[in-house]
Amino acid sequence: MNKDRIRNFSIIAHIDHGKSTLADRLIERTGTVSERDMESQLLDNMDIEKERGITIKLQTCRLYYKYEGEEYVLNLIDTPGHVDFTYEVSRSLAACEGALLVVDATQGVEAQTLSNVYLALENDLEILPVINKIDLASADVDAVKLEIEDIIGLDTDGCPLVSAKDGTGVDDLIGQIIKKLPCPDGDENAPLKALIFDSFYDNYRGAISMVRIVDGTVKAGDRIKMMSSGKTFEVVEVGYFSPHMIPCKQISAGEVGYIAASVKNVSDTAVGDTITNSEFSAKEPLPGYKKATPMVYTGVFPADGARYDDLKEALLKLQLNDASLSFDPEVSSALGFGFRCGFLGLLHMEIIEERLEREFDLDLITTAPSVSYIVTKTNGEKLTIDNPTTLPNVSEIASIEEPMVCAKLFTPPDYVGPIMELCQGKRGIFIDMSYIDPTRVQITYRMPLNEIIYDFFDSLKSRTRGYASLDYETDGYEKSDLVRLDMMINGEICDALSIIVHRDNAYSRGRGIAEKLKDVIPRQLFEVPIQATVGGKIIARETVKAMRKDVLAKCYGGDITRKKKLLEKQKEGKKRMRKVGSVEVPSEAFISILKIDN
Amino acid sequence: MEIYIHLPFCKSKCAYCDFNSLSGQEEGTVFSYLSALNREIRLAGDAYGKAEISTVYIGGGTPSLLDSGRIKSILKVLGEHFRIRDDAEISIECNPESITSEKLADYKEAGINRMSIGVQSLDDANLKSIGRLHDRNIAISKIKLARQYFDNASCDIIVGLPYDTNDTVKEEIETLAPLVNHMSVYALTLEEGTPLALRAEEGKILLPSDDETEDYLELAEEILEKHGLIKYEVSNFASDGMECRHNLGYWTDEEYLGLGAGAHSYIKTSDGKNPIPTPIRFAHPRDIHAYIAGVNCANAFDMIPRAEMRVLDEKDVFNEAVMLGLRTSKGVKSGILNGHIPEELKGFFKEADGYTSLTRAGMAVMNSLLVRILKL
């Protein structure tokens with residue numbers, strides 16, 4: 001295929017600025033999907049994506065469009081907009097020459113608009129600003145144009161003004177994509193160099209690589225080699241997405257497509273690896289990506305201990321398509337066998353948990369999210385701790401360092417006060433504040449990640465009525481006065497409830513959790529003390545009083561069956577309880593401590 | 001063997017009631033029901049006529065609502081088809097407003113020797129809130145009237161009603177205790193779907209907490225003991241020798257036949273005499289029309305439709321012996337629970353004369369203990 005007729009581009013935007021709807025319009029306008037099959041958010045395959053209106057996994061689609069008498073191939077790569085999935089965005093950008101920067105005409109530039117622009121610039125992409133939602137009454141195109149020019153420094157003269165919702169301006173947009181975005185270069189006669197920007201597992205065809213062909217050509221029957229491992233495979237099928245998988249004869253330099261080669265393990269199609277021809281090999285691999293590192297860790301346990309193997313199976317399956325999910329076996333004395341899972345962020349965590357419950361029909365108990373700490377012991381040994389229970393004894397700890405982030409918040413000026421108060425309360429260090437324009441302020445804080453993962457999003461949302469946006473990136477480690485807060489139930493530490501907190505917050509958190517536990521733990525046959533302790537010192541105490549009454553008053557007319565059924569039901573309810581020593585603790589108790597508002 | 005007879009008719013349904021009872025039935029339905037009951041008694045007699053009947057309990061519903069002639073004829077037919085012992089305990093449930101001297105005289109003539117009166121409360125606000133048809137004065141005067149005919153009289157009391165306080169409970173128990181020689185004191189159970197449960201859900205009435213209700217039960221128990229009414233079962237108190245033999249039978253593995261709609265039976269013999277290998281529990285359909293049709297089509301007792309039926313296995317026999325036996329103050333034979341009580345629960349049990357029984361506190365939380373002990 002003539003490379004001049006190919007445009008590879010991504011759509012980047014802040015969450016909710018209309019990427020997926022715009023992708024739908026492009027697909028529709030180019031006639032890629034018949035009207036009959038058209039459904040909204042076509043590229044969002046997962047139920048969760050459709051329901052929440054968010055994109056989690058990147059998706060690609062090949063579009064054909066006739067422009068000024070010539071047929072063009074447009075390869076669209078839809079990307080997630082949430083900060084947790086920045087990693088997915090950076091991967092898709094590496095497969096493109098250009099990016100559409102979608103900005104909501106009613107919202108303007110937001111935190112992730114900027115971070116996505118930086119990603120695109122790092123990848124040397126041509127950026128075409130697109131102003132969306134111009135059909136809305138509150139749209140202020142001129143102000144948004146000004147913001148884009150001032151904050152980002154992009155020329156907005158003549159930039160496409162569209163309404164992805166009603167289709168206005170979409171034809172003009174397609175014209176500009178063809179005119180303004182560069183075509184790919186590369187040599188189809190050179191040795192094959194294909195960058196794997198995503199891979200997924202197909203039950204019938206094995207692990208499938210989504211690739212951008214940089215040089216060369218690949219077709220069915222070719223023997224290919226993974227340049228990182230040297231492993232070779234025979235290509236069974238090549239093709240492209242439109243938006244479903246469509247096999248074709250070959251894909252060559254400048255094109256985006258997939259390669260199926262009966263690969264059994266997704267780990268053999270590692271994202272960022274370069275595929276070459278095993279006989280006619282490239283000398284150097286393409287620069288890959290850095291591996292995504294989990295930021296948030298939590299213990300995930302099956303509510304029914306007997307379903308441990310099902311949970312393991314489910315995690316393995318999800319990991320096939322989501323290399324950023326990590327998990328290792330974990331044993332808790334309260335929750336039994338489960339896994340310590342690592343996630344990119346809180347949304348990622350929520351989504352994985354929801355998928356485990358919905359797609360695999362599992363009931364889960366998760367522990368409080370934690371970050372990864374660096375602990376220096378008094379003997380000089382350094383440990384990385386992502387599970388509070390593995391924190392060494394206080395006497396053995398010389399220092400603890402916690403991960404920091406640089407948080408950028410965009411907000412109308414009215415909420416500057418509440419936001420600063422919030423960040424200060426979360427141990428944030430003020431870095432900078434600047435007015436973008438009279439209606440928008442950018443505030444920068446350096447904050448412990450530990451505080452971000454504990455109800456920061458919810459607090460931010462409620463304090464700014466949803467008007468503020470947040471983006472953050474990791475910013476090294478910092479020594480901090482951290483302690484482990486343990487909860488004792490009837491004198492026994494419940495490992496699943498332990499958290500690492502700053503010493504100054506230990507008392508209020510401990511008291512909050514103790515009060516919550518008192519409410520959710522049902523009265524037992526005995527009085528149950530609940531204590532919060534730090535280093536063996538009790539800092540808060542509550543008591544669940546002993547139950548006094550649990551007996552069926554009447555068994556009328558010799559109806560024994562009914563009484564027996566009631567007892568069976570009661571017994572069934574007990575099965576869902578977790579034992580901490582001799583105390584029965586309902587699953588909700590473990591979840592409820594995640595939702596304490598300070 | 002014991003016999004229970006169910007008469008599911010009431011003048012109006014009480015707000016807390018989810019028993020098998022109906023109000024506003026036409027005379028024709030009542031007649032059809034009693035004919036079917038009559039037929040069932042004959043069929044049951046054919047099957048179990050060899051049994052010696054030690055107790056008969058006529059429950060409901062409100063049996064005293066019916067014309068007493070009908071009660072007489074039920075007992076007459078029963079006597080013709082079963083061998084009722086001379087010393088049999090024959091009870092009938094009555095509501096205060098429907099008790100009259102004529103009915104009491106008829107009951108006595110028919111052989112009834114024990115009255116169970118549904119008083120529930122002596123507080124008029126409580127009585128009104130739960131839809132009872134009598135008030136405090138009627139209740140007291142009808143108990144006194146009943147005592148003129150029967151030595152053996154009991155009343156039912158519910159605590160945990162909307163207007164209960166320590167004072168009202170104390171007053172009503174102290175007033176009633178000298179008038180009866182048996183009392184059943186129940187904690188109110190909110191049954192799903194009843195008008196009372198609905199009103200409580202909607203916040204239209206405020207009920208005492210579980211703790212307060214338990215306080216009332218303790219208080220009632222204390223007062224009753226002072227009057228010589230000693231607890232012999234979770235909810236039952238009696239002066240010496242006046243325990244309800246029929247109800248005790250339920251807890252102590254007695255065989256019983258339940259006649260009437262929704263009635264439960266527990267059968268251990270093939271004919272009232274010869275044991276069957278495994279005991280059976282079963283119940284008739286609750287719906288009276290299904291019951292009537294079922295009885296009228298059946299040519300033998302075991303052909304009457306059964307809404308539920310269970311052949312008890314070894315596990316069931318153990319579970320029932322424990323869960324029923326522990327309801328009584330006497331308890332169960334010590335051997336039965338050997339090795340079944342976890343160490344930390346032993347404080348809820350006591351041993352006496354070869355029997356294991358629950359302490360007062362243990363009896364109050366019996367369900368929680370049972371789920372730890374039974375083989376469920």
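What counts and what doesn't
- Residues numbered from 1 in each chain as written.
- Chains lettered and ligands numbered in written order.
- Predicted model: local features only at pLDDT ≥ 70, side-chain atom pairs only at ≥ 80, totals over all residues.
- Heavy atoms only, no water.
- Helix = DSSP H or I, 4+ residues; strand = E, 2+ residues; numbered from the N terminus.
- Buried < 20%, exposed > 50% of the residue type's maximum accessible area, 1.4 Å probe, protein only.
- Contact = heavy atoms within 4.5 Å.
- Areas by Shrake-Rupley, 256 points an atom, 1.4 Å probe, with all protein chains shown as cover.
- Lys, Arg positive; Asp, Glu negative; His and termini not counted.
- Charge placed at Lys NZ, Arg CZ, Asp CG, Glu CD.
- Core = buried A, V, L, I, M, F, W, Y, C linked by side-chain atoms within 4.5 Å.
- Expected span 1.5 Å × (residues − 1).
- Polar contact = N/O pair within 3.5 Å; in protein donor to acceptor, adjacent residues only side chain to side chain.
- Domains from an automatic or database assignment.
- Buried area = accessible area lost by both parts, 1.4 Å probe.
- Salt bridge = Lys/Arg side-chain N within 4 Å of Asp/Glu carboxyl O.
- Nonpolar A, V, L, I, M, F, W, Y, C, P; charged D, E, K, R; others polar.
- Pairing = 2+ DSSP bridges.
- Axes fitted to C-alpha atoms, helices over the stretch in contact; angles between N-to-C directions.
- Parallel < 35°, antiparallel > 145°, perpendicular 65-115°, else oblique.
- Patch = residues over 30% accessible without salt bridge, like charges linked within 9 Å, V, L, I, M, F, W, Y side chains within 5 Å.

Let's shift gears to the overall build of chain A. Check the secondary structure of chain A and you find 14 helices and 32 strands. Considering only C-alpha atoms, chain A reaches an extent of 85 × 65 × 60 Å along its principal axes. In chain A, buried positions account for 58% of the 598 residues. Of the contacts formed within chain A by residues at least 6 apart in sequence, a portion of 69% connects residues at least 24 apart. Approximately 25300 Å² of chain A is accessible, and the part contributed by carbon and sulfur atoms is 48%. A gap of 8 Å separates the mean positions of the 72 positive and 94 negative side-chain charges of chain A.

Here the focus is the nonpolar core. Membership of the largest hydrophobic core comes to 77 residues, with the highest contact counts inside it found for Leu7, Met115, Leu257 and Leu259 of chain B. In terms of residue count, the dominant contributor to this core is helix H1 (residues 27–48) of chain B (9 residues). Every residue in contact with Leu7 of chain B, bar those within four places of it in the chain, is listed here: Tyr33, Leu34, Leu37, Ile58, Gly59, Gly60, Gly61, Thr62, Pro63, Leu66, Ile71 and Ile74 of chain B. Listed in part, the 48 residues of the second largest apolar core include Leu356, Leu391, Ala407 and Ile419 of chain A.

Moving on, we come to helix H11 (residues 314–325) of chain B. Residue and element names in this part refer to chain B. Taking 1.5 Å per residue, 12 residues should reach 16 Å; H11 reaches 16 Å between its end C-alpha atoms and fits that length. Taken together, the buried positions of H11 are occupied by Asp316, Phe318, Asn319, Glu320, Val322, Met323, Leu324 and Gly325. Near the N-terminus of H11, the side chain that reaches the backbone nitrogen of Lys315, with its oxygen 3.1 Å away, is that of Asp313.

Okay, the domain arrangement of chain B next. Residues and elements named next belong to chain B. When the domains of chain B are assigned, the result is domain 1 (2–248) and domain 2 (313–376). At the interface, 10 residues of domain 1 touch 7 residues of domain 2. The junction of domain 1 with domain 2 conceals about 700 Å² of combined surface from both sides, 46% of it contributed by carbon and sulfur atoms. Area buried by domain 1 at its contact with domain 2 is led by Lys231, Glu233 and Val234, which between them contribute 54% of it. Applying the counting rule to domain 1 against domain 2 returns 4 salt bridges. The residue Arg360 makes a salt bridge to Glu218 at a minimum N-O spacing of 3.6 Å. Among the elements that take part in the side of domain 1 that touches domain 2, helix H8 (residues 210–226) stands out by supplying 4 residues, more than any other. Class assignment for the residues of the side of domain 1 that touches domain 2 results in 4 nonpolar, 1 polar and 5 charged.

Right, let's talk about the interface of chain A and chain B for a bit. Interface size is often expressed as the accessible area that is lost when the parts come together. At the junction of the two partners, chain A supplies 29 residues and chain B supplies 47 residues. Buried area between chain A and chain B, both sides added, is near 3600 Å², and the carbon and sulfur share of it is 56%. By the criterion of area lost to chain B, the three top residues of chain A are Arg548, Lys549 and Tyr556 of chain A, representing 21% of everything that side buries. In this assembly, chain A and chain B are joined by 8 salt bridges. A salt bridge links Lys564 of chain A to Glu320 of chain B; the nearest nitrogen and oxygen atoms lie 3.0 Å apart. Applying the counting criterion to the chain A and chain B interface returns 16 residue pairs in polar contact (both at pLDDT 80 or more). Sort the elements by how many residues they give to the side of chain A that touches chain B and helix H13 (residues 560–575) of chain A lands first, with 11 residues. Partitioned by chemical class, the residues of the side of chain A that touches chain B number 10 nonpolar, 4 polar and 15 charged.

For the rest of this paragraph, the subject is helix H2 (residues 68–81) of chain B. Residues and elements named next belong to chain B. An ideal rise of 1.5 Å per residue puts 20 Å on 14 residues; H2 measures up with 20 Å between its terminal C-alpha atoms. Buried residues of H2: Ser68, Ile71, Ile74, Leu75, Val77 and Leu78, and no others. Tucked into the core, H2 has its buried residues touching strand E1 (2–7), H1, strand E4 (52–60), strand E5 (83–94), helix H3 (101–110) and strand E11 (256–259). Where H2 begins, the side chain of Asp67 points an oxygen toward the backbone nitrogen of Gly69, at a separation of 2.9 Å.

Turning to the pairing of strand E31 (residues 577–580) of chain A, a few remarks are in order. Residue and element names in this part refer to chain A. Where burial is concerned, the two faces of E31 differ: the one with Arg578 and Val580 is buried and the one with Met577 and Lys579 is not. Bridge count for E31 against strand E32 (residues 583–586) is 4 bridges, and the pairing is antiparallel. By the bridge assignment for E32, Met577 is matched with Pro586. Once E31 ends, the chain turns through 2 residues before running back antiparallel as E32, passing Gly581 with a positive phi of about 60 degrees.

Per the stated rule, a full pass over the model turns up 57 salt bridges over all chains. Across the pair Arg25 of chain A and Glu28 of chain A runs a salt bridge, and its minimum N-O distance is 3.1 Å. Residue Arg25 of chain A and its partner Glu28 of chain A are both found in helix H1 (residues 19–29); the two are separated by 3 residues, about one turn of the helix. Note on Arg25 of chain A: relative accessible area 14%, which makes it buried. The closest approach of N and O atoms between Lys346 of chain B and Glu343 of chain B, which form a salt bridge, is 3.3 Å. What makes Glu343 of chain B exposed here is its relative accessible area of 60%.

All names here are of chain A. Ordered in space as E17-E18-E16-E19, the 4 strands form an open sheet in which the pairing is antiparallel. Of all the strands in the sheet, the pair left with one neighbour each is strand E17 (326–332) and strand E19 (364–366). When the angles between neighbouring strand axes are averaged without regard to direction, this sheet yields 30 degrees. Here 7 bridges tie E17 to strand E18 (residues 336–343), and the two strands are oriented antiparallel to one another. Across the sheet, residue Pro329 finds its bridge partner in E18, namely Phe339. Running over the sheet, helix H7 (residues 308–321) touches strand E16 (296–302), E17, E18 and E19 and is turned about 15 degrees from E18.

Let us now look at the packing of H2 of chain B against H3 of chain B. All names here are of chain B. In the contact formed by H2 and H3, the axes pass within 9 Å of each other and the chain directions differ by 10 degrees. Between H2 and H3, the interaxial angle falls into the category roughly parallel. Touching Ser68, Gly69, Ile71, Lys72 and Leu75 of H2 are Glu102, Lys103, Asp106, Tyr107, Glu109 and Ala110, all from H3. Classifying every residue of the contact of H2 with H3 gives 4 nonpolar, 2 polar and 5 charged.

For the rest of this paragraph, the subject is the side chain of Ser129 of chain B. One can find Ser129 of chain B in helix H4 (residues 124–129). A polar side-chain atom of Ser129 of chain B sits 2.9 Å from the main-chain carbonyl oxygen of Asn126 of chain B.

Of note, the bond from Gly60 of chain B into Gly61 of chain B is cis; its omega dihedral lies within 30 degrees of zero at 15 degrees. As for its position among the elements, Gly61 of chain B is in the loop between E4 and H2. The backbone of Asp124 of chain A sits at a positive phi, close to 60 degrees, despite the residue not being glycine. If you trace the backbone, Asp124 of chain A turns up in the loop between helix H4 (111–122) and strand E5 (126–132). Using a relative accessible area of 71% as the deciding quantity, one classes Asp124 of chain A as exposed. For Arg427 of chain A, which is not glycine, the phi dihedral falls at a positive 60 degrees. Turning to its location among the elements, Arg427 of chain A is positioned in the loop between helix H9 (416–425) and strand E23 (429–437). What makes Arg427 of chain A buried here is its relative accessible area of 19%.

Let us look at a nonpolar patch on the surface. Residue and element names in this part refer to chain A. On the surface, Phe430, Met433 and Tyr435 cluster together into a nonpolar patch covering about 290 Å² of accessible area. When you line up the elements, Phe430 lands in strand E23. Look at Phe430 and you get partly exposed, because its relative accessible area is 36%.

On to the sheet that holds strand E6 (residues 193–202) of chain A. Residues and elements named next belong to chain A. Pairing within the open sheet is antiparallel, and its 8 strands lie in the order E10-E9-E15-E6-E7-E14-E11-E12. Taken across any chain shown, the strands that pair with only one partner, and hence form the sheet edges, are strand E10 (232–234) and strand E12 (245–248). Put simply, the sheet's adjacent strands are angled 40 degrees from each other on average, direction ignored. Bridge count between strand E11 (residues 237–241) and E12: 4 bridges; the pairing is antiparallel. Across the sheet, residue Tyr240 finds its bridge partner in E12, namely Ile246.

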